[in-house]
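Survey of secondary and tertiary structure
Residues per chain, in single letters:
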Amino acid sequence: MASPRDAQLTKIKKMKLTFTKMQGIGNDFVVIDGYSAPVNLDAATIQRLADRHFGIGFDQLLLVEQPTVPGVDFRYRIFNADGGEVEQCGNGARCFVRFVHDKALTDQSEIRVETARGIIQPRLEDDGLVTVNMGEPRLQPDEIPFVADAAAVTYALVVGEQTLEISAVSMGNPHAVMLVEDVQTAPVASLGPLIEKHERFPQRVNAGFMQVVSPHHIQLRVFERGSGETLACGTGACAAVVSGIRRGILQSPVRVTTRGGELSISWHGEHQPVLMTGPAETVFEGSIDI
Ligand SMILES: N[C@@H](CCC[C@H](N)C(=O)O)C(=O)O
């Protein structure tokens, strides 16, 4: 049994982590200021904090840090609920710019942000929405990464007994996008985990299920790598629109309806950046012992 002194020491060793809970069309985040003072969190702690019953609960944890390269304002690090660090998060990028403004870490409406896969440029609009220049989609199999002999608009992917027609797109992070007749009844829960861990995606993948409503409107559900199905996925929306435009069934701009809200996505073709516009909101502030 721990002595009162040991118990006291354990208590002292605990650190209070202050955080901001945010959401972008229902994709929810815990955002932490590691810019003013460095914060280190290991995967087990992140998993614990992500637990919706025993922790705070979130789809992703976002860490704001000092940049490590010249010419940018901030470094943006993203961790899935399973504790794994990933390259990109679109809904998170909008919350990121709202957070650095609310915390007075910048007064610029447009900022340059370093991510694990390049620079993104989020801009706070006068109406409170946020537009993010997400950069160019990457379509070569080795950039995604995806195992294929050559780049193509769609690929046949064998999943169990079925052969799915998917597009493979990287928005900094990997996405597989398939068309479905009805997004409400799409087999997201059964196929999502199988696609996520498919051997042709060596770094796993986010699986998007897209219903085309018209050339300028889709409905989308995404089973996210490392977090499961979320109410919305910003990079998933970008990847779906890129996939639909390359398949010749969508035209920019495209309204993307998710279970948590709507985004507007523009893309003017190969070698052009994808622009994403949508809301970003703070839900509450808090602190927790870790
Ligand atoms: N929800 C995000 C994507 C978060 C990362 C993703 N789960 C991955 O592992 O790549 C978004 O809004 O883009």
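Residues numbered from 1 in each chain as written. Predicted model: local features only at pLDDT ≥ 70, side-chain atom pairs only at ≥ 80, totals over all residues. Heavy atoms only, no water.

**Quick notes on the side chain of Gln-23**
Stated precisely, the cut-off is as follows: Where helices and strands are cited, they refer to DSSP runs of H or I of at least four residues and of E of at least two residues respectively, numbered from the N terminus. Definition of a polar contact: a pair of N or O atoms within 3.5 Å, with one able to donate and the other able to accept a hydrogen when the atoms are protein atoms, and with sequence-neighbouring residues admitted only if both atoms are side-chain atoms. Any two residues whose heavy atoms approach within 4.5 Å at even a single point are treated as in contact.
Residue position: Gln-23 is located in strand β1 (residues 16-24). Reaching out from Gln-23, the side chain makes a polar contact with the backbone nitrogen of Ile-25 at a distance of 3.3 Å. Apart from the residues within four sequence positions on either side, Gln-23 is in contact with Asp-28, Phe-29, Cys-95, Ala-280, Glu-281 and Val-283.

**Thoughts on the site of the ligand**
This is how the line gets drawn: Think of it this way: one heavy atom of a residue within 4 Å of a molecule or strand is enough to make that residue near it. Only the protein chains shown count as cover for residues, and the accessible areas themselves come from Shrake-Rupley with a 1.4 Å probe.
Near the ligand, the surroundings consist of 15 residues, among which Asn-27, Gly-90, Arg-225, Gly-234 and Thr-235 are the closest. In the environment of the ligand, a nitrogen atom lies 2.7 Å from a nitrogen or oxygen atom belonging to the side chain of Asn-27. One of the side-chain N or O atoms of Asn-173 is found 2.9 Å from an oxygen atom in the ligand. Compared with its free state, where it exposes 360 Å², the ligand has 100% of that area covered by protein. Residue assignment for the shell around the ligand shows that the elements contributing at least two residues are α3 (90-102) and α5 (234-247).

**Quick look at the UniProt feature "active site" (unreviewed entry) in the protein chain**
Cut-off, in case you're wondering: UniProt positions are given in the numbering used here, feature names are shortened, and annotations may be inferred rather than shown by experiment. Any residue under 20% of the maximum accessible area for its type is buried, any over 50% is exposed, and the rest in between are partly exposed; the area is computed with a 1.4 Å probe on protein chains only.
UniProt's entry tags Cys-89 and Cys-233 with the feature "active site" (unreviewed entry), counted in the numbering of this structure. In three dimensions, the annotated residues from a span of 145 residues occupy one location, with a maximal C-alpha spread of 7.8 Å. The topology assignment puts Cys-89 in the loop between β5 (85-86) and α3. Take Cys-89: its relative accessible area is 6%, and that puts it in the buried class. Leaving out residues up to four positions away in the same chain, Cys-89 has contacts with Asn-27, Phe-29, Gln-60, Tyr-76, Ile-78 and Thr-235.

**Regarding the domain arrangement of the protein chain**
Many authors give the size of an interface as the accessible area that is lost as the parts come together. Keep this limit in mind: As annotated, the domain borders come from an automatic or database domain assignment. Buried area counts how much accessible surface, traced with a 1.4 Å probe, disappears from two parts once they are put together, with both parts' losses summed. Criterion for a salt bridge: a side-chain nitrogen of Lys or Arg within 4 Å of a carboxyl oxygen of Asp or Glu. Each residue receives one of three labels: charged for Asp, Glu, Lys and Arg, nonpolar for Ala, Val, Leu, Ile, Met, Phe, Trp, Tyr, Cys and Pro, and polar for the others, Gly being one of them.
Assigned domains of the protein chain: these are domain 1 (12-132 + 280-289) and domain 2 (141-272). Summarising the inter-unit geometry, the C-alpha centres of domain 1 and domain 2 are found 24 Å apart. Taken together, the contacts link 17 residues of domain 1 with 23 residues of domain 2. Both sides together, the interface formed by domain 1 and domain 2 hides about 1,300 Å², and carbon and sulfur atoms give 44% of it. Here domain 1 and domain 2 share 2 salt bridges between them. Between Arg-204 and Asp-82 there is a salt bridge whose closest N-O contact spans 3.3 Å. Inspection of the domain 1/domain 2 interface yields 14 residue pairs in polar contact (both at pLDDT 80 or more). Per-element tally for the side of domain 1 that touches domain 2: the top contributor is α3, with 3 residues. Grouping the constituent residues of the side of domain 1 that touches domain 2 by class yields 4 nonpolar, 8 polar and 5 charged.

**Some remarks on the UniProt feature "binding site: substrate" (unreviewed entry) in the protein chain**
The positions that UniProt labels "binding site: substrate" (unreviewed entry) are, in the present scheme, Asn-27, Gln-60, Asn-80, Gly-90, Asn-91, Asn-173, Asn-206, Glu-224, Arg-225, Gly-234 and Thr-235. Structurally, Asn-27 can be placed in strand β2 (residues 27-34). The exposure class assigned to Asn-27 is buried, which follows from its relative accessible area of 1%. Counting through the fold element by element, Asn-173 comes out in the loop between β10 (162-170) and β11 (174-179). For Asn-173, a relative accessible area of 5% puts it in the buried group. Leaving out residues up to four positions away in the same chain, Asn-173 has contacts with Glu-87, Gln-88, Asn-206, Arg-225 and Thr-235.

**A few points about the environment of Cys-95**
Summarising the element assignment, Cys-95 is placed in helix α3. Note on Cys-95: relative accessible area 0%, which makes it buried. Placed 35 residues apart in sequence, Cys-95 and Val-130 show a C-alpha to C-alpha distance of 8.4 Å.

**Structural notes on the packing of aromatic side chains**
Under the convention used in this document: Here is the rule: rings of Phe, Tyr and Trp (six-membered ring for Trp) pair when centre to centre is within 6.5 Å. Planes less than 30 degrees apart are stacked, more than 60 are edge-to-face, and the remainder are tilted.
Using the criterion set out here, one finds 6 aromatic pairs in the structure. With 6.1 Å between their ring centres and 80° between their planes, Phe-19 and Phe-284 make a pair best called edge-to-face. Taken together, the residues span a long stretch of sequence, with Phe-19 in strand β1 and Phe-284 in strand β18 (residues 281-289) at a distance of 265 residues. A connected cluster of aromatic rings, assembled from ring pairs, spans Tyr-35, Phe-74, Tyr-76 and Phe-96.

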